[in-house]
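# Observations on the model geometry
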Amino acid sequence: MAALRIETCHVACSANRTPNVVSWGRGGTLAFGTCHSVAIYDPQERVVLSMLNGHTGRVNAVQWVHKEDCAPETHLVSGGSDSSLLVWAAQNGKFVQSAECKGHTGAVCAVDAIYAGQSILVASAAADSSVRLWLCGDAKEAECLHTQTFGTGFMMDVSLALLPGTKVPILACGGDDSRVHLFVWLREKELRRVMTLQGHEDWVRGVAWTSIGGELLLASCSQDCLIRVWRLRAKSGSGARSEGDRDDAVIKMKEDVFRVEEQEEGRVFAVALETVLAGHENWVYGVHWQPPSYTGGELKQPLSLLSASMDKTMILWMPDQASGVWMEQVRVGEVGGNTLGFYGCQMSPDASGILAHAFHGALHLWSKDDSSGEWKPDVVLSGHFNSVQDLSWDPEGEFILSVSSDQTARLFTPWRTKPGGTSRTTWHEISRPQIHGYDMQCLATLGRFRFVSGADEKVLRVFQAPRNFVDNFANISGTSKEKLLASGDRTTLPEGASTPALGLSNKAVFQDGEKFSSISDQYQESYFHPINMTEPPPEDHLLQNTLWPEVQKLYGHGFEMFCLASDCGGTVVASACKASKAEHASVLLWSASTWRQLQVLPCHALTVTQMAFSPDADMLLLVSRDRTWSLWRRRQHDPEPQYVLYARTTKETSVHSRIIWSCDWSPDGKFFVTSSRDKKVIVWGPCTKDSCEDTITSPEVTPCSSILDVGDSATAVAFCPQLCSDNSYLLAVGLECGRIVVFGWKPAGDPAGGQDWIRYGETDTSQSHTLAIKRLRWRPRVGLAEESGLLQLASAGADHALKIFNVHIEGL
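Bear in mind that the values here come from a model prediction, so they are computed numbers and not experimental data.

Reading guide: rules and limits
Residues numbered from 1 in each chain as written. Predicted model: local features only at pLDDT ≥ 70, side-chain atom pairs only at ≥ 80, totals over all residues. Heavy atoms only, no water. Helix = DSSP H or I, 4+ residues; strand = E, 2+ residues; numbered from the N terminus. Rg over C-alpha atoms; globule rule 2.2 N^0.38 Å. Buried < 20%, exposed > 50% of the residue type's maximum accessible area, 1.4 Å probe, protein only. Contact = heavy atoms within 4.5 Å. Salt bridge = Lys/Arg side-chain N within 4 Å of Asp/Glu carboxyl O. Disulfide = S-S within 2.5 Å. Polar contact = N/O pair within 3.5 Å; in protein donor to acceptor, adjacent residues only side chain to side chain. Pairing = 2+ DSSP bridges. Axes fitted to C-alpha atoms, helices over the stretch in contact; angles between N-to-C directions. Core = buried A, V, L, I, M, F, W, Y, C linked by side-chain atoms within 4.5 Å. pLDDT = per-residue confidence, 0-100.

### Thoughts on the overall build of the protein chain
Summing up its helical and strand segments, the protein chain has four helices and 63 strands in all. Taking 2.2 N^0.38 as the reference for a compact globule, 812 residues should give roughly 28 Å; the C-alpha atoms of the protein chain span a radius of gyration of 30 Å, in line with that estimate. Along the three orthogonal principal directions, the C-alpha set of the protein chain runs to about 110 × 70 × 55 Å. The 812 residues of the protein chain split such that 58% are buried. Long-range contacts, defined as pairs at least 24 residues apart, comprise 52% of the intrachain contacts of the protein chain with a sequence gap of at least 6.

Structure below.
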């Protein structure tokens, strides 16, 4: 059997909307939770290295288990809304699930872990008002050492460290009682509360330990906009008197002391407030100490603290060299855009990069310029933060557009760079054409630089690329501007677009001398500023300066939009809305040149779930929730496109017994395929052109294949645009469980014995989506490098991810 190999080319995803969900490892890789998965991302190479799938709920907390020698980590801990904690271990260059911590009865919201000998000591806080301590050894299931309950209170964050000069773990918990609780774990005994640190006046959102010069520093941040730093040190002798008792001449902070019995020997530790850092103007959600480093065989821990806040800023704090007073050294952040602030922050191992993740899932990365010492925004991964509902390739295959329930439309394209002389291609979001107020549902492209989108509203909106996008796309993709657009077209294009403060429509912005003005600019306020991009833009530019102007609204549907389709020439658009009655299930056809409504196609009784024009635009296929399909044929010699019913199935003749989710045409237009919730995939045909026009007799369009049972609800299906060498067809089927399976189908095969289908391959656990696949689309051949035997397939998932796969078809 011919070989077929699937590898992941790109994953577009974003961080979950929780504070502790990102962790930057000493090896330079980022781990973050995205929907039900943990993504491992390399910020240097700008690629997602792998996806760890194991949780069945949203991942809320991710933490690398750091090694004492600062070597790259081999263990990772994640906690999710499924109440479970998973420990991942590196094996043969991949991370695999090594242990599970079961016991919490609420969503896990924070985790931390340290090595205890050969085992891992894990602390977790959850929505069941408890903090648990676990020991993860070689066994698959971890041992729960202790459960600390807090009545009706919640702990927001936990941090583990070892007491100075001992092997005794100390646990800090910050909670909604505005306090920081300190516990020590003594072997074979229970977790003992040794101290409660007071001072914050609102919920404590983050706590973090660091070890410096034989002492521990604890940073705590709160919704009172302040950060407090506490110093914990071992006291000589066993006396529990305060420092100030001995020397009245020196003014010192009040110290609290506690005693720990270890191996028949009592030790006394003192905790004092070191400093209070005020600089943020909103809730402070995260603090992170600069990672230690080994230089000359010696462990160095620089005194540097990073904080992130809901005021959209991150601050780097350091003590002044001369006075020792903690000062704000660097402040970076975002300006403008309809966003909330930052949920957490991380610092790279060499402290040359700082990263925040925001309410809308975006990662914000700043890198330090070696020559000037300035912090500048850097290129980082981006993606949707809710279910990706639909996607469409540019007809030339040079970029991909996607729409999502996160109310945005996004455009991704490959970016070619030459680091160190070697050419490298990575995919990035370079434009966000539509930022809406309704959840997006569907889109259809019209040529290269126009598209129609539908959302949970009754209106269709048409968008056209502005001149600034065409210029920047040419820069990033390396295509000539002349080739992209005829010069005549370019002059009439608006420069960009902006959305009025209280509006949903992107208004075109034109250049008026040196000023930029909108047609309806009554108050001369344009948020758009043209940008000249040589690399993918950061989040704040995507939010404000990459919108496309809305050129048309289409009214006609009575309910929310559900699906869209356009023909290959970009002349006709078909649209359908949600329907529970036949009168609303009609499909509307629109002219893409005049935007007049051309026709109403009544046929189905319930929502039309997907539509597809045949490759020559001669046929239009509709599939519906009423378990039937209908085929419409274009009348010849009409000045405007008009379609007549050509063939259909009824309840009696339909082979499918549940909702038909998806459909597609074979590249030669002879056959079409349908996939359904009943787990069946069926190829129908033949769709031949008869010589006499508009025949009255209904032709026989019947199943041409045996019924393929794919074992799960088939939510998406797509014919490969290329035929195999033996004239068989290649199909990709997307399942509700998130898997993609590639099949071959031979028209000349034996349908009776089911010999016409060949299963070539499927995505493995780490490649698959974790929720239903919403759409599959093969990349048009012209968009690929002339590499024989390579195809690309894009998938949109309900798990917030847009994935592009390289499908190697050697021998096919």
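### Structural notes on the pattern of salt bridges
For the coordinates displayed, the defined rule picks out 30 salt bridges. Between Lys235 and Glu255 there is a salt bridge whose closest N-O contact spans 3.7 Å. Of the two residues, Lys235 sits in strand 20 (residues 226-235) while Glu255 sits in strand 21 (residues 255-262), which places them 20 residues apart along the sequence. In terms of burial, Lys235 and Glu255 fall into one category: buried. Residue Arg432 is joined to Glu429 by a salt bridge in which the shortest nitrogen-to-oxygen separation is 2.7 Å. Under the relative-accessibility criterion, Arg432 is labelled buried at 2%. Several salt bridges share partner residues, and in doing so they unite Asp406, Arg410, Glu429, Arg432 and Glu539 into one network.

### Some words on unusual backbone geometry
That bond from Gly685 to Pro686 is cis: its omega, -10°, falls within 30 degrees of zero. Along the chain, the position of Pro686 falls in the loop between strand 54 (680-685) and strand 55 (702-703). The backbone of Trp595 shows a phi angle near 65°, a positive value even though the residue is not glycine. Relative accessible area serves as the criterion here: at 11%, Trp595 is assigned to the buried category.

### Remarks on the environment of Ala798
Tracing the backbone shows Ala798 in the loop between strand 62 (790-797) and strand 63 (802-808). Each C-alpha atom of the pair Ala798 and Pro538 lies 25 Å from the other, and the pair is 260 residues apart in sequence. Among residues more than four places away in sequence, those in contact with Ala798 are Ser387, Leu771, Ala772 and Lys774.

### Some details on the state of the cysteines
Covalently bonding the sulfur atom of one cysteine to the sulfur atom of another cysteine gives a disulfide. Per the counting criterion, the structure on display carries zero disulfides. Take Cys144: it sits in no disulfide, and the sulfur closest to it among the cysteines is that of Cys101, at 8.5 Å. The thiol sulfur of Cys687 is not disulfide-bonded, and the nearest other cysteine sulfur, from Cys704, lies at 7.8 Å.

### Structural notes on the environment of Ser367
By the secondary structure assignment, Ser367 is in strand 31 (residues 363-368). Linking Ser367 and Arg461, residues 94 residues apart in sequence, is a C-alpha distance of 38 Å. Not counting residues within four places of it along the chain, the set of residues in contact with Ser367 comprises Ser352, Gly353, Glu374, Trp375, Lys376 and Asp378. At a separation of 2.7 Å, a polar atom in the side chain of Ser367 contacts the side chain of Asp378.

### Considerations on the sheet that holds strand 59 (residues 740-745)
On the basis of which strands lie adjacent, the open sheet formed by four strands has the order 57-58-59-60 and antiparallel pairing. The strands lining the two open edges of the sheet, one partner per strand, are strand 57 (714-719) and strand 60 (757-762). Each adjacent strand pair in this sheet contributes to an overall mean axis angle of 25°, direction not counted. The pairing of strand 58 (residues 729-735) with strand 59 spans six bridges and is antiparallel. From the neighbouring strand, Leu730 faces strand 59, where its bridge partner is Gly744.

### As for the nonpolar core
Judged by nonpolar contacts, the single largest core of 26 residues is most densely connected at Leu411, Phe449, Phe451, Phe469, Val470, Phe473 and Trp548. Listing elements by their share of this core, those giving two or more residues are strand 34 (400-404), strand 35 (408-417), strand 37 (440-445), strand 38 (450-455) and helix 1 (467-477). With five residues, helix 1 is the single largest residue contributor to this core. Excluding anything up to four places from it in sequence, Phe469 contacts Leu411, Ile430, Ser431, Phe449 and Trp548. Trp209, Leu216, Leu232 and Phe258 belong to the second largest nonpolar core, which has 24 residues in total.

### Section: the sheet that holds strand 17 (residues 191-197)
Strand order in the open sheet made by the four strands is 14-15-16-17, with antiparallel pairing throughout. Two strands close off the open sheet at either side, each with one partner strand: strand 14 (155-162) and strand 17. Neighbour-to-neighbour, the strand axes of the sheet open up by a mean angle of 25°, direction not taken into account. For strand 16 (residues 180-185) and strand 17, the ladder comprises six bridges, and the chain directions are antiparallel. The partner of Val180 across the bridge, within strand 17, is Leu197.

### Regarding the confidence of the model for the protein chain
On average, residues of the protein chain score 89 in pLDDT, and 90% of them are at 70 or above. Below a pLDDT of 50 lies the segment residues 239-246, which in the model reaches nine contacts outside its immediate sequence neighbourhood of four places, other chains included. Across residues 521-526 the pLDDT falls below 50, and counting only partners more than four positions away or on other chains, this stretch makes seven contacts in the model.

### Points about helix 1
Taken across its eleven residues, helix 1 has nine buried, putting it largely inside the fold. Of the residues making up helix 1, those classed as buried are Asn468, Phe469, Val470, Asp471, Asn472, Phe473, Ala474, Ile476 and Ser477. Positive backbone phi, at 80°, marks Gly478, one or two positions downstream of helix 1.

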